[in-house]
Amino acid sequence: KLMTLEILSLIGRVSAEKGCVLPPEKLLALHQSVMEAQDAQTLLDVVGEALSEWPEAERESSGSLAADAERIIGRKYMHSGLTVQAIAREMNLSPNYLSAAYGATGVRLGEAICRMRMERAQALLRGTDLRLEEIARSVGFENARYFVTVYQKQTGEHPLDFRKREQR
């Protein structure tokens, strides 16, 4: 009985770490099957069957996790404290798990944050006369020089050159 409870606890922890939870009816069925197992082999078979369902649930949830992370980025890109760790904390996930799930989109999460900030900066450069310091702060950079460095690295040009080109 103690081993059975430990296995159920382990399943719950792994499930939470993976960010996918078995539906309540499957969890109840698993609990009953584990409690009714008469020997170690039956117990292993029951647990193995439950674990085999996780990759499917993880594939379904990784797209959802990426979409949730994108929404958070869209809402909070202007905060300098927006990091992978902050997003993971808000989603109640580990940063490593969130990064791996988001990475399934083909883009790293940190790159997505930077891309959003650069897109917003370009919109401000195009549509306002704000100074670079003001634009940097409004897209989550505390330091304007660092903003310019990142902007140039991402786009290949200085932000003011972009502004001049767009105003023609």
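This one's a predicted model, so the numbers in the text were calculated from it and none came from an experiment. (Residues numbered from 1 in each chain as written. Predicted model: local features only at pLDDT ≥ 70, side-chain atom pairs only at ≥ 80, totals over all residues. Heavy atoms only, no water.)

Asks: Before we move on, can you summarise the overall build of the chain with the specific residues and values?
Replies: In terms of regular secondary structure, the chain is built from ten helices and zero strands. In the chain, which comprises 168 residues, the proportion classed as buried is 35%. Summarising the internal contacts of the chain: among those between residues at least 6 apart in sequence, 58% fall at separations of at least 24. Accessible surface, the chain: about 10400 Å² in total, of which carbon and sulfur atoms supply 53%. (Helix = DSSP H or I, 4+ residues; strand = E, 2+ residues; numbered from the N terminus. Buried < 20%, exposed > 50% of the residue type's maximum accessible area, 1.4 Å probe, protein only. Contact = heavy atoms within 4.5 Å. Areas by Shrake-Rupley, 256 points an atom, 1.4 Å probe, with all protein chains shown as cover.)

Asks: Describe the packing of aromatic side chains, naming the residues involved and giving the relevant values.
Replies: Counting across every chain of the model gives four aromatic pairs. Here a set of aromatic residues connected by ring pairs shows up, and it is made of Phe 141, Tyr 146, Phe 147, Tyr 151 and Phe 162. The residue whose ring lies beneath Arg 117 is Phe 141, and the NZ or CZ to ring-centre distance is 5.7 Å. (Phe/Tyr/Trp six-rings, centres within 6.5 Å; stacked < 30°, edge-to-face > 60°. Lys NZ or Arg CZ within 6 Å of the ring centre and 35° of its normal.)

Asks: Can you tell me about the nonpolar core, naming the residues and giving the values?
Replies: By size, the foremost hydrophobic cluster in this structure holds 35 residues, and its most contacted members are Ile 87, Met 91, Leu 98, Leu 109 and Phe 147. Among the elements that make up this core, the one with the highest residue count is helix α7 (residues 109-127) (eight residues). If we ignore the near neighbours within four places in the chain, the residues touching Phe 147 are Met 118, Ala 121, Leu 132, Ile 135, Ala 136, Val 139, Phe 141 and Pro 159. (Core = buried A, V, L, I, M, F, W, Y, C linked by side-chain atoms within 4.5 Å.)

Asks: Tell me about unusual backbone geometry, and please be specific about residues and values.
Replies: Non-glycine residue Asn 92 carries a positive phi angle of around 60 degrees. Mapped onto the elements of the fold, Asn 92 is located in the loop between α5 (84-91) and α6 (95-103). Judged by relative accessible area, Asn 92 falls into the exposed class, the value being 68%.

Asks: Account for the environment of Lys 164, with residues named and values stated.
Replies: Tracing the backbone through its elements, the reader meets Lys 164 in helix α10 (residues 159-167). Remark: the alpha-carbon pair of Lys 164 and Leu 125, spanning 39 residues in sequence, is separated by 9.1 Å.

Asks: An account of α6 is needed here, citing residue identities and associated values.
Replies: Those residues of α6 that sit buried are Tyr 97, Leu 98, Ala 101 and Tyr 102. Burial along α6 is one-sided: seen end-on, the buried residues are contained in an arc of 125 degrees. Residues Asn 96 and Ala 100 are exposed on α6 and point more than 90 degrees away from its buried face. (Arc of directions from axis to C-beta.)

Asks: Explain the packing of α7 against α10 to me, and be specific about the residues and the numbers.
Replies: For any two helices packed against each other, the geometry is given by the interaxial angle and the distance between the axes. Packing of α7 against α10 leaves a shortest axis separation of 9 Å and a crossing angle of 50 degrees. Classified by the angle between their axes, α7 and α10 sit oblique to one another. Crossing geometry of α7 relative to α10 is assigned as right-handed. Residue-level contacts link Gln 122, Leu 124, Leu 125 and Arg 126 of α7 to Pro 159, Phe 162, Arg 163, Glu 166 and Gln 167 of α10. Split by residue class, the contact of α7 with α10 holds four nonpolar, two polar and three charged. (Axes fitted to C-alpha atoms, helices over the stretch in contact; angles between N-to-C directions. Parallel < 35°, antiparallel > 145°, perpendicular 65-115°, else oblique. Left-handed = near helix turned anticlockwise from the far one by under 90°. Nonpolar A, V, L, I, M, F, W, Y, C, P; charged D, E, K, R; others polar.)

Asks: I'd like to hear about the side chain of Gln 122, residue by residue, with values.
Replies: Within the secondary structure, Gln 122 sits in helix α7. A distance of 3.2 Å separates polar atoms of two side chains, one belonging to Gln 122 and the other to Tyr 151. Not counting residues up to four positions away in its chain, the partners in contact with Gln 122 are Tyr 151, Thr 155 and Phe 162. (Polar contact = N/O pair within 3.5 Å; in protein donor to acceptor, adjacent residues only side chain to side chain.)

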